[in-house]
Structures are given as structure tokens and as C-alpha cells.
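Now for the letters of each chain:
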Amino acid sequence: AQTVTQSQPEMSVQEAETVTLSCTYDTSESDYYLFWYKQPPSRQMILVIRQEAYKQQNATENRFSVNFQKAAKSFSLKISDSQLGDAAMYFCAYRRYSNSGYALNFGKGTSLLVTP
Amino acid sequence: NAGVMQNPRHLVRRRGQEARLRCSPMKGHSHVYWYRQLPEEGLKFMVYLQKENIIDESGMPKERFSAEFPKEGPSILRIQQVVRGDSAAYFCASSPQLEGPQYFGPGTRLTVL
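Residues numbered from 1 in each chain as written. Chains lettered and ligands numbered in written order. Predicted model: local features only at pLDDT ≥ 70, side-chain atom pairs only at ≥ 80, totals over all residues. Heavy atoms only, no water.

> Describe the interface of chain A and chain B, listing the residues and the values that go with them.
With 19 residues of chain A in contact, the opposing surface of chain B contributes 23 residues. When chain A packs against chain B, close to 1800 Å² is buried across both sides, 49% of that on carbon and sulfur atoms. A salt bridge links A:Lys108 to B:Glu41; its shortest N-O distance comes to 3.8 Å. Linking chain A with chain B are nine residue pairs in polar contact (both at pLDDT 80 or more). Secondary structure elements with two or more residues in the side of chain A that touches chain B: β5 (33-39), β10 (88-95) and β11 (104-106) of chain A. Ranked by the residues each element gives to the side of chain A that touches chain B, the list is headed by β5(A), at three residues. Of the residues contributing to the side of chain A that touches chain B, the split by class is eight nonpolar, six polar and five charged. (Contact = heavy atoms within 4.5 Å. Buried area = accessible area lost by both parts, 1.4 Å probe. Salt bridge = Lys/Arg side-chain N within 4 Å of Asp/Glu carboxyl O. Polar contact = N/O pair within 3.5 Å; in protein donor to acceptor, adjacent residues only side chain to side chain. Helix = DSSP H or I, 4+ residues; strand = E, 2+ residues; numbered from the N terminus. Nonpolar A, V, L, I, M, F, W, Y, C, P; charged D, E, K, R; others polar.)

The following block contains the structure:
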């Protein structure tokens, strides 16, 4: 079974600064996807960024980028120029593959606080 | 294109009652996933359905829980004889194809008294 570990229960960043959220995972597969989801107080799950394991280039979406280290099984999220609206729970997720579907395995999350 | 709809947003049940949670996927999406989020936890996969078929229910408790996704209408997650431990947020996600990204609904928060 694939496990996803987020070792930082809480992180804090000042507005306009940069913060990095950590995620490691365990798998024996070579092909998979990794995701970061944001869950604000509204509890809506919002896809932030995704990475295909076969791609060496790190994914980027505006102020959000990842550092994907496949050999180390590490998938960290970097938020640049942090904004107050970035405050939320952030979940790292692994998408396993089986003949029966692509269910997501989530970590326990990191709570990000953004201070003015 | 409307997003994934879930209703109700909040549901209160007494122990022993039944809870029915509904999920309407995005238009054109025929793949539905249900997840449960306990307090202070990440989401846990429960069941994956395609139209009229349960494909993977490996994450769903064997008793009291059932799910369906009929040809017409929303997907339903049914919990019979609820217990306090069923209190959680239940999310559904839909996808347009097997390998497509999953888009989440706003969730249903179930409280069992």
C-alpha cells in the first residue's frame, strides 16, 4: 500500500515571503501521479498542482511550484510571494493505479498560516 | 459548467438512523469517487463507481455502508444505523475519464448525535 507522509502539521509564513511544504511517499510503482490540494476554511478541496512521475521537469502553476525528487520519493510544494488567501490546509496526495481505478491516497495535511 | 454538487451540506442524525448523501458529478463525468475525512485527518478513499457499476469498494466498511451511481440521477452514499464514529465530512469527486483529474464537491458534514 502506498503511504503519504506530511511531517509538518503546521507552518507559518509572512505575506510576500516564500514557504515550502514537505511531502514524502512510499511506493513500489514507477508510474504514478502526485498532487497538492488546498482546503480553505470552506472545506472545498481545490487542486493546486499535479506532477506526473515520468516527467523530470518540475510542475509550476503561477506562484506554486514543486520539487519532485523521484529517487528520494519526495514531493515538496513551494509557495512564492505568499498571500493571505493562501492560508489553508494543504494535502499531498498520491494517485495509485490499479485495474479498478485511480483512488487518491492523502497525507494528513499541513496547516499553513499566513501573517501580515 | 457547474461543479460537483453535494447535498445536503450538513446532516444531523441520531444513532441508529439512516444517512443518505448525494453527489451530482460535473456534466459529462461518469466516474465518481467517495472519500471520508475524519477530524484532523486527510481524506480516505471509500469507493469508486462508474455509471451503474461499483468498480472498487476496498475502502468502504463491509457493513452498514453502501453506494450506488444509477444511470439517471446522482450517486448516493448510504449509511445505515449510524454510529457516532460515522461523524465526518464526506466528499465526492468526479472525473471525465479513468485517468482524468478528480474534481471535488464541497462535502457533506455528517454529525451523529
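> Outline the sheet that holds strand β7 (residues 65-68) of chain B, listing residues and values.
Residues and elements named next belong to chain B. Spatially, β1-β3-β8-β7 is the arrangement adopted by the four strands of the open sheet, whose pairing is antiparallel. Looking at the sheet topology across the chains shown, the edges are occupied by β1 (5-7) and β7. Adjacent strand axes in the sheet meet at a mean angle of 15 degrees when their direction is disregarded. (Pairing = 2+ DSSP bridges. Axes fitted to C-alpha atoms, helices over the stretch in contact; angles between N-to-C directions.)

> Just give me the short version of the environment of A:Ser65, but keep the residues and values in it.
Residue and element names in this part refer to chain A. Here Ser65 shows up in strand β8 (residues 64-69). For Ser65, a relative accessible area of 16% gives the class buried. Distance in space between the C-alpha atoms of Ser65 and Ser76 is 8.4 Å, their sequence separation being 11 residues. (Buried < 20%, exposed > 50% of the residue type's maximum accessible area, 1.4 Å probe, protein only.)

> So what about the environment of A:Thr24? Which residues, and what values?
Residue and element names in this part refer to chain A. Looking at where Thr24 falls in the secondary structure, it is placed in strand β4 (residues 24-26). Judged by its relative accessible area of 38%, Thr24 falls in the partly exposed class. Thr24 sits 70 residues away from Tyr94 along the chain, and the two C-alpha atoms are 9.9 Å apart. With near-sequence residues (within four places) excluded, Thr24 lies in contact with Thr3, Val4, Thr5, Lys73 and Ser74.

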